[in-house]
Each structure stands twice: as structure tokens, then as C-alpha cells.
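Descriptive structure summary
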Amino acid sequence: VQSDDTPPVTALSVMGGHQSPGPEGSFYASLDSRYTVPAVDPVVNEVAAGVAWTRWQDAGGAFQPFVSPISLAEGVHPLGYQSQDNVGNLEVVRSTTVLVDATAPKTVLAIIGGPQFAGPDGATFYASPDTRLGLPAIDPVVSEVASGVEFTSYQDNGAAQTFTAPITLPEGAHIIGYQRQDRVANVEVVRSTNIWVDATPPVTAWGWTSMKDLASHDSTKSSKSATSSRSSPASIMKRSAASASKT
């Protein structure tokens, strides 16, 4: 007769998706992560009756048999799981908290110093060359979960690069794209702003006119006015002929 007094041992295993360590033994996971609870019945003194069944629960709810990989919605999930062997040895309930994060971070463009002027639309503005750009972001807390920002990238009319310090731009037109990713690979859609950096001051032209030129100009105008108001001999003759015919 072989005696088995040792219960099975069950663990939580993660398939696919992205994960990151969380507080107090928990972990963050992306929405596409899947979970299994494999169990083994340890061989003790050359005896192991084998696993009979495994079950699991979410947030203290009713136990259900484990039959296929588990999917979890966004939020906090304290998972409990246990197995029993073929001679009735029941494992104590083990537990792990999974923090599912399905929401991407949100980034804004921040202006540091320098004057700016509004452009033709809400996504465009003019800026001086001493204007610097920051990219603050938050990872929104949804269903009590936020895994935190992993990195920020931006691009200026070209390849993306990691944001590490305020950005300065040379004179010219710039289409600045920016986005962030959190610790479980939720990626924000690219946001963009058009910035026209102007480092060139205006150019003002000036000239002067002498008093002699002004006097000459006024004299010419007066002469033209007098000439236009004086009747010519031809016009006098025409008016006289008209009067005679009426008589």
C-alpha cells in the first residue's frame, strides 16, 4: 500500500501580452495577456497520486474549474487557485493579484519660455528661437489601475527619438509628433503640432524729401489747377457761336 499525504502545487502562468512588476507581489498586465494555472503532484517517498482537478476564482468570487486559458478585463484581479489530487489531498488556496491596464498614456506639448504667436489654426503657432518644448504625460487611472509611463518619443520632420530633455528648434517649419508608451506596451496615438520658428527680425525702409522738392511739387500742382480752370480761345469761340445761333 502506498500512501500519499502531499497535496498538489499550483502556480499562475502568463501567456502572451506584456507584463511589468507591480506593488506587493502583484504585476501589471496588458489586456491581451492570458493566464493558466498548471499544477503538479509532487513525488514524495516515491509516491504521487496525480492531480485530479484544478479550480480558480477572481476577487473572492465562486470557484470555477480551470479548463482553458483565462482572459481578464481591465482592472484589479486577485486570483485564487488550488488543486486536489486523486486521493483527496487539497492544496491551500494560493493567490496572485493581476493589475490589467488597457489604457494608453496621454501626452501634451508644453511651452517653456520665449514668446509665441497663434497660427492660422489650433494646431499651429509661431515661436521664437528661445522657445523650448516639454512633453509632460500622465498614465490615466482606469478601474483603479495605471501601470505608469515607460518612455516618450517624438519626431521633428523625421525619425522618432526618445524624449529626455526640453526640445529646442532651429528657425523654420517643424511638424512635431509625439507619443508615449506605458509599462505594458499600451501606445498612445501620435499627436502632432505645427511650429513655425521665426528668428529673423523685420526690415524697415525709410527716406526723406527736401523742402525744395516739396515746394516744386506744390508749384506744379497749382499750375495744373490754374490751367485746367482757365478757358481756352477755342472754347470761347464755341460758346459765342452757340449764342449767335440761338438769337
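My aim in this report is to walk through the structure given alongside it, one point at a time. (Residues numbered from 1 in each chain as written. Predicted model: local features only at pLDDT ≥ 70, side-chain atom pairs only at ≥ 80, totals over all residues. Heavy atoms only, no water.)

Some thoughts on the pattern of salt bridges
How we decide: For this analysis, a salt bridge means a side-chain nitrogen from Lys or Arg found within 4 Å of a carboxyl oxygen belonging to Asp or Glu. Residue burial is assigned from relative accessible area. The probe radius is 1.4 Å, only protein chains are included, and a residue is buried under 20% of its type maximum, exposed over 50%, and partly exposed in between.
Taken as a whole and assessed by the stated rule, the structure comprises two salt bridges. Here glutamate 91 and arginine 94 are joined by a salt bridge, their closest N and O atoms 2.4 Å apart. Overall, arginine 94 belongs to the partly exposed group, its relative accessible area being 32%. Residue arginine 191 pairs with glutamate 188 through a salt bridge whose shortest N-O separation is 2.5 Å. Look at glutamate 188 and you get buried, because its relative accessible area is 3%.

Digging into the nonpolar core
Quick note on the threshold: Among the buried residues, those of types Ala, Val, Leu, Ile, Met, Phe, Trp, Tyr and Cys that are joined through side-chain atoms within 4.5 Å form a nonpolar core. Only DSSP runs of H or I covering at least 4 residues are called helices, and only runs of E covering at least 2 are called strands; the numbering of each starts at the N terminus. Any pair of residues with heavy atoms lying within 4.5 Å of one another is described as a contacting pair.
The biggest cluster of nonpolar side chains holds 13 residues, and the ones touching the most others in it are Leu109, Leu133, Leu135, Ile167, Leu169 and Ile195. Counting residues per element, the ones that place at least two in this core are β14 (124-127), β20 (172-182) and β21 (191-197). Residues in contact with isoleucine 167, not counting those within four places in the same chain, are Thr131, Arg132, Leu133, Leu135 and Tyr154. In terms of nonpolar packing, the next biggest core, distinct from the first, is built from twelve residues, Val37, Leu79, Tyr81 and Val98 among them.

Observations regarding the pairing of β21
Operational definition: For two strands to count as paired, DSSP must find a minimum of two bridges between them.
Where β14 meets β21, four bridges bridge the pair, whose relative direction is parallel. Within the sheet, the bridge partner assigned to threonine 124 lies in β21 and is asparagine 194. The pairing of β20 with β21 spans seven bridges and is antiparallel. If you follow glycine 177 over to β21, its bridge partner there is serine 192.

Some remarks on the pairing of strand β17 (residues 149-156)
One face of the sheet, then the other: side chains in a regular strand alternate in exactly this way. In the sheet, β17 pairs with β20 via seven bridges, with the strands oriented antiparallel. The partner of threonine 152 across the bridge, within β20, is arginine 180. Bridge analysis of β17 against strand β18 (residues 161-162) gives two bridges, and the strand direction is antiparallel. Bridge assignment links serine 153 to a residue of β18, and that residue is threonine 162. In this structure, the hairpin formed by β17 and β18 is closed by a connection of four residues, where asparagine 157 is found at a positive phi of approximately 55°.

Brief notes about the sheet that holds strand β10 (residues 94-101)
As a general point, the strands of a sheet are linked pairwise by backbone hydrogen bonds and lie either parallel or antiparallel. Read across the open sheet, the six strands follow the order β3-β4-β10-β9-β7-β8; overall the sheet is mixed. Here the strands that pair on one side only, and so sit at the sheet edges, are β3 (19-21) and β8 (64-65). In the sheet, strand β7 (residues 51-58) pairs with strand β9 (residues 75-85) via seven bridges, with the strands oriented antiparallel. What sits directly across from threonine 54, in β9, is serine 83.

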